[in-house]
Amino acid sequence: TRSAAVSRKTKETEVDVRLHLDGNGTYKNRTGIGFFDHMLDQLAKHAGCDLQVDVAGDLHVDEHHTIEDAGIALGEAFRIALGDKRGIERYGFAILPMDDCLAQVAIDFSGRSWLVWEADFRREKIGDMPTEMFSHFFKSFSDHAQCNLNLKVEGANEHHKIEILFKAFARAIRMAVERKPGNTDLPT
């Protein structure tokens, strides 16, 4: 099975991630940041993976360590669950609309990390999540999943922009981790 359990403990956080790539989109995410939980829920639902992310972090200081360490542990979980990557598509992409917004995401589980981020937010926070942390989350994920990740979103509604970006991210992942029956090739 393509699953992983990752625990990360630092002075600031304790993170536990459980991931099953070939799930059915079930989720149970508890980070202490409501909007972040909602985005992780969307990730699981639209990627079709089962996901549980539990974080006990220093939210009394701020949200930075909770979001960063969750991104690190989640990236590690994807890297571990993909194993040797034999038979996967490797590349995935999605272009999705949400009302006035359009998100474009492409991912390559190449073993090399890189982030291209084209998204600007005019609000300081969406819900209780600082908008400056969105790119940081994706950078942490990319670095630890060892994937190339290209994200772009445009539109006026700030909530819709980040929500459709997470959904497009999830759909791109779904495509990239798919395995064709009988394919055992290493996607190079």
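Before reading on, note that the structure itself is shown above.
These figures come from a predicted structure and were not determined experimentally.

K.L.:
For the overall build of the chain, give the residues involved together with the corresponding values.
P.N.:
Looking only at helices and strands, one finds 4 helices and 10 strands in the chain. Order of helices (α) and strands (β) in the chain, N terminus to C terminus: β-β-β-α-β-α-β-β-β-β-β-α-β-α. Taking 16 Å as the expected radius of gyration for a compact globule of 188 residues, we find that the chain reaches 16 Å, a close match to that expectation. With the C-alpha coordinates aligned to their principal axes, the bounding extent of the chain is approximately 50 × 40 × 30 Å. Looking at the 188 residues of the chain, the share that counts as buried comes to 51%. Counted over contacts in the chain with a minimum sequence separation of 6, partners at least 24 positions apart contribute 75%.

K.L.:
Summarise unusual backbone geometry; cite the residues concerned and give the values.
P.N.:
If you check the backbone angles, Asp 99 has positive phi at about 50° while not being a glycine. Here Asp 99 is to be found in the loop between β5 (91-98) and β6 (101-108). In this structure Asp 99 comes out as exposed when scored by relative accessible area, which is 65%. For Gln 146, which is not glycine, the phi dihedral falls at a positive 55°. Its location among the elements puts Gln 146 in the loop between α3 (132-145) and β10 (148-154).

K.L.:
Before we move on, could you go through helix α1 (residues 34-47) and cite the residues and values that matter?
P.N.:
Taking 1.5 Å of rise per residue, 14 residues should cover 20 Å, and α1 covers 20 Å from first to last C-alpha, within 8% of that figure. Counting buried residues along α1, 11 of its 14 residues qualify, which places the element largely inside the surrounding structure. Every buried residue of α1 is accounted for by Phe 35, Phe 36, Asp 37, Met 39, Leu 40, Asp 41, Gln 42, Leu 43, Ala 44, His 46 and Ala 47. At the C-terminal side of α1, Gly 48 shows a positive phi close to 75°.

K.L.:
Lay out the packing of aromatic side chains with the relevant residues and their values.
P.N.:
The final tally for this structure, using the stated rule, is 12 aromatic pairs. Aromatic rings pair up to connect Phe 36, Phe 78, Phe 109, Trp 117, Phe 137, Phe 138, Phe 141, Phe 166 and Phe 169 into one cluster. One Lys or Arg, Lys 161, reaches over the ring of Phe 121 and ends 4.9 Å from the middle of that ring.

K.L.:
Give a description of the nonpolar core that names residues and reports values.
P.N.:
Judged by nonpolar contacts, the single largest core of 60 residues is most densely connected at Phe 78, Ile 107, Phe 109, Phe 141, Leu 149 and Ile 173. The element best represented in this core is helix α4 (residues 158-177), accounting for 11 residues. Every residue in contact with Ile 107, bar those within four places of it in the chain, is listed here: Arg 90, Tyr 91, Gly 92, Phe 141, Cys 147, Asn 148, Leu 149, Phe 169, Ala 172, Ile 173 and Ala 176.

K.L.:
Let's hear about the environment of Met 129: which residues, and what values?
P.N.:
Here Met 129 shows up in strand β9 (residues 129-130). Using a relative accessible area of 0% as the deciding quantity, one classes Met 129 as buried. Between the C-alpha atom of Met 129 and that of Gly 71, which follows or precedes it by 58 residues, the distance is 14 Å. When residues no more than four places from it in sequence are discounted, the contact partners of Met 129 are Ile 33, Phe 35, Phe 36, Ile 67, Glu 124 and Phe 134.

K.L.:
If you had to explain the packing of α3 against α4 to someone new, which residues and values would you point to?
P.N.:
Closest axis-to-axis distance for the α3/α4 pair is 12 Å, and the angle between their directions is 15°. Relative to α4, α3 is oriented roughly parallel. At the point where α3 passes α4, the crossing takes the right-handed sense. Contacts from Phe 134, Phe 137, Phe 138 and Phe 141 of α3 reach α4 at Ile 162, Leu 165, Phe 166, Phe 169 and Ile 173. Residue composition of the contact of α3 with α4, grouped by class: 9 nonpolar, no polar and no charged.

Rules used in this analysis
- Residues numbered from 1 in each chain as written.
- Predicted model: local features only at pLDDT ≥ 70, side-chain atom pairs only at ≥ 80, totals over all residues.
- Heavy atoms only, no water.
- Helix = DSSP H or I, 4+ residues; strand = E, 2+ residues; numbered from the N terminus.
- Rg over C-alpha atoms; globule rule 2.2 N^0.38 Å.
- Buried < 20%, exposed > 50% of the residue type's maximum accessible area, 1.4 Å probe, protein only.
- Contact = heavy atoms within 4.5 Å.
- Expected span 1.5 Å × (residues − 1).
- Phe/Tyr/Trp six-rings, centres within 6.5 Å; stacked < 30°, edge-to-face > 60°.
- Lys NZ or Arg CZ within 6 Å of the ring centre and 35° of its normal.
- Core = buried A, V, L, I, M, F, W, Y, C linked by side-chain atoms within 4.5 Å.
- Axes fitted to C-alpha atoms, helices over the stretch in contact; angles between N-to-C directions.
- Parallel < 35°, antiparallel > 145°, perpendicular 65-115°, else oblique.
- Left-handed = near helix turned anticlockwise from the far one by under 90°.
- Nonpolar A, V, L, I, M, F, W, Y, C, P; charged D, E, K, R; others polar.

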